[in-house]
Amino acid sequence: MASLRKIKERLTCSAMMMLTIASGLLLFVISLGLLLRSREILEMKPIMELLTSSVWKPGRGEFGFWPFIAGSLWVTLLSALLAVPVSLLCAVYLSEYASRTVRAIAGPVLDMLSGIPSVVFGIWGVLALVPLVKDYIAPMTGRFSSGYTVLTAGIVLAVMIVPLIVHVALSVLRSVGNDLRDASLSVGATRWQTVKLVVLRKAVPGLAAAVVLGISRAFGETMAVIMVAGNVAKAPKGLLSPAYPLPALIANNYGEMLSIPLYDSALMFAAFLLLAVVIIFNIAARLILKKMENIR
Amino acid sequence: MDNSLEISETPHLRVRGLNVYYNGHHALKNISLDIPDKKITAIIGPSGCGKSTLLRTFNRLIDTIEGVKVKGEVMIDGVNIYDPKVEVTAIRRKMGLLSQRPCPLPMSIFDNVAYGPRIHGERGRQNLRNIVESNLRHVGLWEEVQDRLHKPASELSIGQQQRLCLARGLAVEPEIILGDESTSALDPVSSKKVEERFLELKNEYTIILVTHILRQAKRLADYVVFLYMGELIEHGPAAELFANPKESLTREYLTGIIS
């Protein structure tokens, strides 16, 4: 009897371990698959040329990815710039100042917001933001714009990632022990001093993780961006230029490039780039955090 | 039971008709007592009797708990700290709190001690250095940490951390030290060191300790306050109360019949 229990114990343990390893391996398998399938184009063209050339003419065998990389950078950075301060202040308010009732309401609302399908955000962008940019914001700068711009996409993405960042940041802030707050308050610190000098400091690694998560999400977001970014294969020159971020490139063209040589491989390379950037971003964030923790 | 002035010194802290409610639960019931100046007062009683709650009313840390209502007066230097006009940060500054578990702030040893003075506007480097050194000496930590002042405070042992926290509290020059079972997370040697500090500090400060260790109260206290189920049962000079408790509840608690 006892041995049967032991066998069960060992079986469940190894089964769960295998599953864990398998999900971890999936990342490597996907990266490897993408890399292998983009080998064709990597063998034909030097990688630097692929990354920096601005000419995207698949029909003529010209595959310059710079417009898409730049497009992704523009919309992602803009969305981070808009979303991060708002989210962090919002999380600080909910964690440190709001009453239990407000927190009890805000939590579920935020969860619902982050559960809204991205296509809905896309539609909101098209119906509300595109006309706003086209009819009001662009004319203010004296320029014509279709309304499908970096600005529009950045705002849509920011709205999408705010609930995500707030959610994670809030749980990070709540995990900071109350005895730390008490220690600070008891020497006569105000609430804001306590937040700024103690709570935020303690929470920095977690908050950075929240921000990285939000930015990764913005970087990889496809649907909402396709609908509002304009999708012109030129590197954006400013907030009012259209953009064509990497995910949009892949989603718009995959399945329609069968007859063009190298096109398939080029899109695989785009997907690989996307994945690589997100992974590098995560690793870099982790390294920085490690370093910061050592200092403290 | 008007034995509140049996101790001849003038009181430092006067409590009058203090009631505390937590979401409807009556946690402290009509407490009135005087805490003598420059003595160690021990608040004893079984867990859940309201000891820590009482302590937290003294520096208004109780305000941070949601759903709490406080009625009555706590007077320090003739000022009722629950007067709406009172600046709560100024009140808290008068009291150093030493909590149950050592709780170093997420910064260096130096910055921990300098935290309070900086909060209150001290910027001079040399001044801060002097404050840090003298307070670390005060708690007997200087020799142990002087060559690693800029290392994170979390690298200290638990016992050292607790003395660091004491130094942090002292650095804002409080009048009163509040200890909330401050040795309960420490090993015996570290506890002894902290207790020794208390005995030394009582020459300059009024010290109020919450403790559930009777022997500790006997070792340290000049004055004892016994709470039971949110009520003040008895208070008086330690020698008297321990030798000759007036109330049967006190006697039962001291002899271990209730706990």
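Residues numbered from 1 in each chain as written. Chains lettered and ligands numbered in written order. Predicted model: local features only at pLDDT ≥ 70, side-chain atom pairs only at ≥ 80, totals over all residues. Heavy atoms only, no water.

S.K.: Whenever I open this one, the overall build of chain A confuses me. Can you help?
M.R.: Of the regular secondary structure elements, chain A holds 12 helices and 2 strands. Mapped in sequence order, the helices and strands of chain A form the string α-α-α-β-β-α-α-α-α-α-α-α-α-α. Overall, the C-alpha framework of chain A stretches about 70 × 70 × 35 Å when taken along its three principal axes. Per-residue burial for chain A yields a buried fraction of 42% across its 296 residues. Look at the contacts in chain A between residues 6 or more apart in sequence, and 72% of them connect residues 24 or more apart. Accessible surface, chain A as shown: approximately 15800 Å² in total, 71% of it carbon and sulfur. The distance from the centre of the 26 positive side-chain charges to the centre of the 14 negative ones in chain A is 7 Å. (Helix = DSSP H or I, 4+ residues; strand = E, 2+ residues; numbered from the N terminus. Buried < 20%, exposed > 50% of the residue type's maximum accessible area, 1.4 Å probe, protein only. Contact = heavy atoms within 4.5 Å. Areas by Shrake-Rupley, 256 points an atom, 1.4 Å probe, with all protein chains shown as cover. Lys, Arg positive; Asp, Glu negative; His and termini not counted. Charge placed at Lys NZ, Arg CZ, Asp CG, Glu CD.)

S.K.: Please clarify how the pairing of strand β1 (residues 11-22) of chain B should be interpreted in this entry.
M.R.: Working note: regular strand, side chains alternate between the two faces of the sheet. All names here are of chain B. One ladder, built from 8 bridges, connects β1 with strand β2 (residues 25-36); its direction is antiparallel. Across the sheet, residue Val 20 finds its bridge partner in β2, namely Leu 28. Remark: 2 residues form the turn of the hairpin made by β1 and β2, two consecutive strands paired antiparallel; Asn 23 in that turn has positive phi of roughly 40 degrees. Pairing geometry for β1 and strand β4 (residues 68-76), over 8 bridges, is antiparallel. In the sheet register, Tyr 22 faces β4, and the bridge partner there is Val 68. (Pairing = 2+ DSSP bridges.)

S.K.: Before we go on, may I ask you to explain the environment of Phe 63 of chain A in this structure?
M.R.: Structurally, Phe 63 of chain A is set in strand β2 (residues 62-63). Excluding residues within four positions of it along the chain, Phe 63 of chain A makes contact with Ile 41, Leu 50, Val 55, Trp 56, Pro 58, Pro 261, Leu 262, Tyr 263 and Ala 266 of chain A.

S.K.: Mind showing me how you'd approach the pattern of salt bridges here?
M.R.: Opposite charge on two side chains permits pairing when their charged atoms draw close. One pass over the structure, following the stated rule, counts 17 salt bridges over all chains. Among the salt bridges present, the one from Asp 182 of chain A reaches Arg 56 of chain B, with a minimum N-O distance of 2.3 Å. Taken together, the positions of Asp 182 of chain A in helix α8 (residues 178-186) and Arg 56 of chain B in helix α1 (residues 51-58) put the pair across two chains. Note that Glu 200 of chain B and Arg 197 of chain B form a salt bridge whose closest N and O atoms lie 3.4 Å from each other. Highlighted residues: Glu 200 of chain B and Arg 197 of chain B, both in helix α7 (residues 188-201), separated by 3 residues, approximately one helical turn. (Salt bridge = Lys/Arg side-chain N within 4 Å of Asp/Glu carboxyl O.)

S.K.: Please explain the pairing of strand β10 (residues 231-237) of chain B as it appears in this structure.
M.R.: Residue and element names in this part refer to chain B. Taking burial as the measure, the 7 residues of β10 include 6 buried ones, the bulk of the element. Where strand β9 (residues 223-228) meets β10, 6 bridges bridge the pair, whose relative direction is antiparallel. Note that in β10 the partner of Val 224 across the bridge is Gly 236. Where β9 folds back on β10, the antiparallel hairpin that results is connected by 2 residues, among which Met 229 adopts a positive phi of roughly 50 degrees.

S.K.: How do you make sense of the interface of chain A and chain B when you look at a structure like this?
M.R.: Quite often, the size of an interface is put as the accessible area lost when its parts meet. Each side of the interface is counted separately: chain A has 23 residues, and chain B has 24 residues. Here chain A packs against chain B, burying approximately 1900 Å² in sum over the two surfaces, 60% of which is carbon and sulfur. Between chain A and chain B we count 6 residue pairs in polar contact (both at pLDDT 80 or more) in total. Within the residue set of the side of chain A that touches chain B, elements represented by two or more residues are α5 (100-115), α8 and α9 (191-220) of chain A. For the side of chain A that touches chain B, the element with the highest residue contribution is α8 of chain A, accounting for 7 residues. (Buried area = accessible area lost by both parts, 1.4 Å probe. Polar contact = N/O pair within 3.5 Å; in protein donor to acceptor, adjacent residues only side chain to side chain.)

S.K.: Explanation requested: the packing of helix α4 (residues 66-97) of chain A against helix α11 (residues 246-253) of chain A in the structure shown.
M.R.: Any two packed helices are characterised by the angle at which their axes cross and by the distance between the axes. All names here are of chain A. Between α4 and α11, whose axes approach to 7 Å, the crossing angle comes to 125 degrees. As the angle between them shows, α4 and α11 are arranged oblique. For the pair α4 and α11, contact is made by Phe 68, Ile 69 and Ser 72 and by Leu 246, Pro 247 and Leu 249, respectively. In the contact of α4 with α11, the residues fall into 5 nonpolar, 1 polar and no charged. (Axes fitted to C-alpha atoms, helices over the stretch in contact; angles between N-to-C directions. Parallel < 35°, antiparallel > 145°, perpendicular 65-115°, else oblique. Nonpolar A, V, L, I, M, F, W, Y, C, P; charged D, E, K, R; others polar.)

S.K.: I tried to follow the environment of Pro 67 of chain A on my own but got confused; where do I start?
M.R.: Residue and element names in this part refer to chain A. For Pro 67, the position within the fold is in helix α4. You can call Pro 67 buried: its relative accessible area is 0%. Residues Pro 67 and Met 18 lie 49 residues apart in sequence; the distance between their C-alpha atoms is 42 Å. Filtering out sequence-adjacent residues up to four positions away, Pro 67 remains in contact with Ser 53, Ser 54, Ala 233, Lys 234, Ala 235, Pro 236 and Tyr 244.

S.K.: For this particular structure, what's the right way to read unusual backbone geometry?
M.R.: Most peptide bonds are trans, and most residues other than glycine sit at a negative phi. In the Ramachandran plot, Arg 60 of chain B falls in the positive-phi region, its phi being about 60 degrees despite a non-glycine side chain. Assignment of secondary structure puts Arg 60 of chain B in the loop between α1 and β4.

S.K.: Mind showing me how you'd approach helix α7 (residues 150-174) of chain A here?
M.R.: Each turn of an α-helix holds 3.6 residues, which means side chains three or four residues apart point in the same direction. Residue and element names in this part refer to chain A. With 25 residues, α7 extends 35 Å between its outermost C-alpha atoms, agreeing within 8% with the 36 Å of an ideal straight helix rising 1.5 Å per residue. The largest bend in α7 comes to about 30 degrees, at Ile 161, with the proline Pro 163 one to four residues further on. In terms of burial, α7 is largely enclosed, as 18 of its 25 residues are buried. Looking at where α7 begins, the residue whose side-chain oxygen comes 3.3 Å from the main-chain nitrogen of Leu 151 is Thr 149. (Expected span 1.5 Å × (residues − 1). Bend = angle between axes of the 7 residues up to and from the residue.)

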